[in-house]
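Architecture at a glance
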Amino acid sequence: MESLSRLDAIFRPKSVAVIGASPSAGKLGYDIVYNMIHAGFPGPIYPVNPKADQILGLPVYTQIGDISPPPELAVIIIPARAVPGAIDQCGLAGVSAAVVITGGFAEAGEEGEKLQEELALTARRYGIRVIGPNCQGVNNPHHNLCASWPLLTRKGRMAFISQSGTVGAALMDWASQELLGVSIFVSLGNRADVCESECIEYFNNDPHTKVIALYMEGVKRPAHFLEALSKASKPVVILKSGRTERGKVAAESHTKSMAGSDEIYNALFKKYRIYRANDLEELYDYSKALAYMEKPPGKRLLHISSSGGAAILAIDEADKLGFLSPAPSQQLVDRLRVFLPPHCGTTNPIDLTGDAISDPSLYAKTIHASRGEFDAGVIIFGDPIHGASDIVTGKDELIVFCGGADVEREESKLIHQKGIPVFPTPERGIRALAQLFLFDEPVMKEPVKSHAERTLKLMSPKDAADLLKKYRIPAIDAPLATSAAESLRLARKLGFPVAMKIASPDVSHKSDVGGVRLNIATESAVRKNYREIINSVKKNVRRADIEGITVSPMAKPGGLEVIVGVVTDPQYGPTLMFGLGGIFTEIYRDVQFCLLPASEKEMRQMIHGITGYPLLAGSRGQTPKDRKALVEIMKRVARLALDNPDVDQIDLNPVLVYDRGALVVDVRIYRHSI
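This report concerns the structure included in the present document. No experiment lies behind these values; they were computed from the predicted model shown.

A closer look at the overall build of the chain
Along the chain, the regular secondary structure elements total 26 helices and 31 strands. The C-alpha atoms of the chain give a radius of gyration of 33 Å, which is well past the 26 Å a tight globule of 674 residues would have. The dimensions of the chain, computed from C-alpha atoms along their principal axes, are 105 × 70 × 45 Å. Long-range pairs, those at least 24 residues apart, make up 68% of the contacts in the chain between residues at least 6 apart in sequence. When the accessible surface of the chain is split by element, carbon and sulfur atoms take 52% of a total near 31,000 Å². Of the charged side chains in the chain, 78 are positive and 77 negative; the average position of the first set lies 7 Å away from that of the second.

Structure below.
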């Protein structure tokens with residue numbers, strides 16, 4: 001902690017000298033002095049320039065050694081060649097710290113590297129702590145210190161630490177425009193001394209900082225960095241650039257820092273519970289949410305909007321990120337119908353329509369009526385809603401304001417002045433909200449039943465098998481047994497081992513409800529599994545109509561599991577689907593689609609298009625699978641779909657593709673009821 005307290009001279013100095021101060025407006029040496037004065041810095045400011053008498057009304061000193069008592073901090077803006085000498089003079093004078101804004105050091109080549117090494121050695125000799133060189137300085141609004149540019153003085157809760165001055169200044173500018181402000185802005189530059197690790201440690205103990213946000217190209221001291229992350233009690237949000245090979249090269253040339261492996265950073269961020277941003281907007285949005293939002297009690301969201309489209313975008317993003325958007329209870333719908341116009345939607349979202357423009361109280365009434373039923377409200381002002389700032393409280397609310405023009409800009413500022421963050425698009429808002437739940441234990445969402453499962457009829461195994469046979473699609477035999485005795489008779493006829501699967505129009509995902517047993521090798525096991533399958537399905541799918549159990553021989557081993565299917569779009573008709581199959585189809589979603597009718601070339605392009613294609617092609621010395629047989633199955637499935645418009649969905653999963661030949665192991669076909 002003693003070494004960290006030495007950084008007070010940088011972030012909270014009692015006095016500041018500007019070496020390289022200029023009397024000429026427009027020069028950086030002038031701007032820094034101007035910003036220091038107009039930020040309201042409470043201590044003395046000492047311009048240092050051997051050729052000027054006064055700058056902006058302040059007396060000018062010829063050299064740092066002329067100032068008594070010595071300033072705590074020196075801001076250095078002189079040519080790179082002169083900087084090591086200036087650091088030496090600071091050391092002799094008793095200066096504690098320096099911010100070296102000057103560039104032309106390690107980022108500029110071999111000569112610059114030597115200069116930077118000389119600078120660092122000199123600073124260490126005197127115990128001077130250094131920010132930079134090649135940086136944009138430091139801005140601490142809570143201490144009225146702006147040793148940087150532009151002049152931004154809004155006090156806030158977010159600490160922005162950046163290895164790029166411009167990137168950090170952009171974040172600071174956004175926060176200032178939105179009237180949220182920052183707790184600190186630190187441009188680290190080349191990190192000849194002070195690095196990101198010390199900043200994390202320092203601002204983790206800063207009472208004004210709620211969130212530490214970093215733009216980072218590389219890490220200077222890896223062990224120290226991990227220690228800082230492990231000790232951080234405040235949220236740390238990091239945008240790590242140099243993720244690609246070319247990006248790594250650019251990062252190394254920019255701040256002379258090793259970019260490192262992106263996969264390793266993913267692992268360590270996960271280990272230390274770091275919030276990883278993928279771009280600059282996410283770095284800002286995540287920091288804003290973590291600094292100004294309280295975590296709702298759960299993930300059930302009610303979307304309230306004057307724009308149906310904006311609400312749908314929010315729901316799409318929410319569903320993707322694990323939130324729930326269930327329909328409101330009938331009691332809530334009844335309460336809403338008391339005051340909402342008849343044309344307003346009362347499902348989820350609550351669509352207030354354009355009526356909310358002339359009657360903004362519809363928002364307040366809806367928010368009040370829905371309190372307690374959902375964990376949080378996603379409040380989307382999708383129009384110019386006057387008085388929006390008086391409606392929201394920030395308590396279990398995510399605020400999105402888009403499409404409101406001048407009203408939006410004014411109301412958003414007023415909402416921010418209340419300490420409530422506002423997001424400019426539904427997607428950005430939902431992604432920011434998701435950060436509050438990022439490190440919760442994952443909870444499996446109940447699957448939403450598809451349209452097919454709700455309104456269509458699942459063909460019986462026999463009818464589906466007959467249809468495949470009609471189109472000469474090779475499929476394993478799976479006759480139906482309606483008793484344990486009949487299943488045993490079929491097993492004897494087909495030969496052990498066998499597979500047993502539930503046959504029910506109410507069960508589409510058989511393995512999810514215990515409706516599948518494989519490699520059954522004895523007669524006693526057949527009887528036992530018959531009973532167990534029936535009991536398991538009855539337990540998991542109440543009121544299921546159970547037709548019996550299919551018995552089929554086990555397919556020969558060695559086949560690659562793929563899925564071939566058809567989905568029918570209400571606008572565009574049947575679409576062929578292909579991808580990796582088996583029980584992981586819906587998890588990995590490694591699938592391709594193609595509108596029908598389709599050529600053989602298009603089907604081959606689908607096969608080549610999946611990520612898992614090397615498994616089919618024979619990677620790592622494996623024998624290639626029979627892609628010709630696979631294409632033939634795809635062609636016949638396409639013909640089946642085109643010939644039978646009453647068929648809505650076909651799901652052949654898995655299809656086993658062997659070195660020679662392919663075989664359908666399981667089939668589901670949905671058709672429209674007649």
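Things to note about helix α8 (residues 222-231)
Residues of α8 that are buried include every one of F225, A228 and L229, and no others. All buried residues of α8 project into a common sector of 95 degrees when viewed along the axis, lining one side. Turned more than 90 degrees away from the buried face of α8 sit A223 and K231, all of them exposed. Taken together, the buried residues of α8 touch α7 (196-204), β12 (211-216), β13 (236-240) and α10 (262-271).

Brief notes about unusual backbone geometry
The residue after G132, namely P133, is reached through a cis peptide bond having omega 0 degrees. Turning to its location among the elements, P133 is positioned in the loop between β7 (129-131) and β8 (137-140). In this model, N653 is joined to P654 through a cis peptide bond whose omega is 5 degrees. Following the sequence through the fold, P654 ends up in strand β29 (residues 647-657). Here L179, not a glycine, exhibits a phi torsion of approximately 65 degrees, which is positive. By the element assignment, L179 lies in the loop between α6 (165-177) and β11 (182-187). In the Ramachandran plot, N519 falls in the positive-phi region, its phi being about 55 degrees despite a non-glycine side chain. Taking relative accessible area as the criterion, N519 reaches 51% and is therefore assigned exposed.

Here we look at the packing of aromatic side chains
In total, this model carries 10 aromatic pairs according to the counting rule given. Taking the centre distance of 5.5 Å and the plane angle of 70 degrees together, the rings of W174 and Y284 count as edge-to-face. Pair noted here: W174 is in helix α6 and Y284 is in helix α11 (residues 280-292), with a separation of 110 residues, a long-range link. The buried category is assigned to Y284, whose relative accessible area is 2%. Residues Y202 and F203 carry aromatic rings whose centres are separated by 5.0 Å and whose planes lie at 80 degrees to one another, so their mutual orientation is edge-to-face. In this structure, Y202 and F203 share a single accessibility class: buried. Stacked on the ring of Y272, the Lys or Arg K271 has its end atom at 5.7 Å from the ring centre.

A closer look at the pairing of strand β26 (residues 560-569)
By the bridge criterion, seven bridges tie β26 to β29 in an arrangement that is antiparallel. Note on β29: the bridge partner recorded for V562 is V655. Hairpin geometry of β26 and strand β27 (residues 573-580) is characterised by an intervening segment of three residues between the two adjacent antiparallel strands.

Looking at the packing of helix α24 (residues 600-609) against helix α26 (residues 627-643)
Packing of α24 against α26 leaves a shortest axis separation of 10 Å and a crossing angle of 120 degrees. By the criterion of interaxial angle, the relationship of α24 to α26 is oblique. α26 is crossed by α24, and the crossing has right-handed handedness. Residue-level contacts link E600, M603, R604, M606 and I607 of α24 to R627, K628, L630, V631, M634, K635 and A638 of α26.

Points about the side chain of E411
Tracing the backbone through its elements, the reader meets E411 in helix α17 (residues 405-417). An unpaired buried charge is present at E411: no salt bridge exists, and K418, the closest side chain of opposite charge, is 8.4 Å distant. Those residues in contact with E411 that sit more than four places away from it in its chain are I385, H386, G387, A388, S389 and F401.

Side note on the environment of G308
Tracing the sequence through the fold places G308 in helix α12 (residues 308-320). Residues G308 and I380, spaced 72 residues apart in sequence, show a C-alpha to C-alpha distance of 9.6 Å.

Quick notes on the sheet that holds strand β17 (residues 350-351)
Across the sheet, which stays open at both edges, the six strands sit in the order β16-β17-β15-β18-β19-β20 with mixed pairing between neighbours. Here the strands that pair on one side only, and so sit at the sheet edges, are β16 (345-346) and β20 (422-423). Bridging between strand β15 (residues 301-305) and β17 involves two bridges; their strand directions are parallel. Among the inter-strand pairings, S305 is bridged to a residue of β17, identified as D351. Where α12 meets the sheet, its contacts fall on β15, β17 and β18 (376-381), and the angle it forms with β15 comes to roughly 160 degrees.

Conventions adopted
- Residues numbered from 1 in each chain as written.
- Predicted model: local features only at pLDDT ≥ 70, side-chain atom pairs only at ≥ 80, totals over all residues.
- Heavy atoms only, no water.
- Helix = DSSP H or I, 4+ residues; strand = E, 2+ residues; numbered from the N terminus.
- Rg over C-alpha atoms; globule rule 2.2 N^0.38 Å.
- Contact = heavy atoms within 4.5 Å.
- Areas by Shrake-Rupley, 256 points an atom, 1.4 Å probe, with all protein chains shown as cover.
- Lys, Arg positive; Asp, Glu negative; His and termini not counted.
- Charge placed at Lys NZ, Arg CZ, Asp CG, Glu CD.
- Buried < 20%, exposed > 50% of the residue type's maximum accessible area, 1.4 Å probe, protein only.
- Arc of directions from axis to C-beta.
- Phe/Tyr/Trp six-rings, centres within 6.5 Å; stacked < 30°, edge-to-face > 60°.
- Lys NZ or Arg CZ within 6 Å of the ring centre and 35° of its normal.
- Pairing = 2+ DSSP bridges.
- Axes fitted to C-alpha atoms, helices over the stretch in contact; angles between N-to-C directions.
- Parallel < 35°, antiparallel > 145°, perpendicular 65-115°, else oblique.
- Left-handed = near helix turned anticlockwise from the far one by under 90°.
- Salt bridge = Lys/Arg side-chain N within 4 Å of Asp/Glu carboxyl O.

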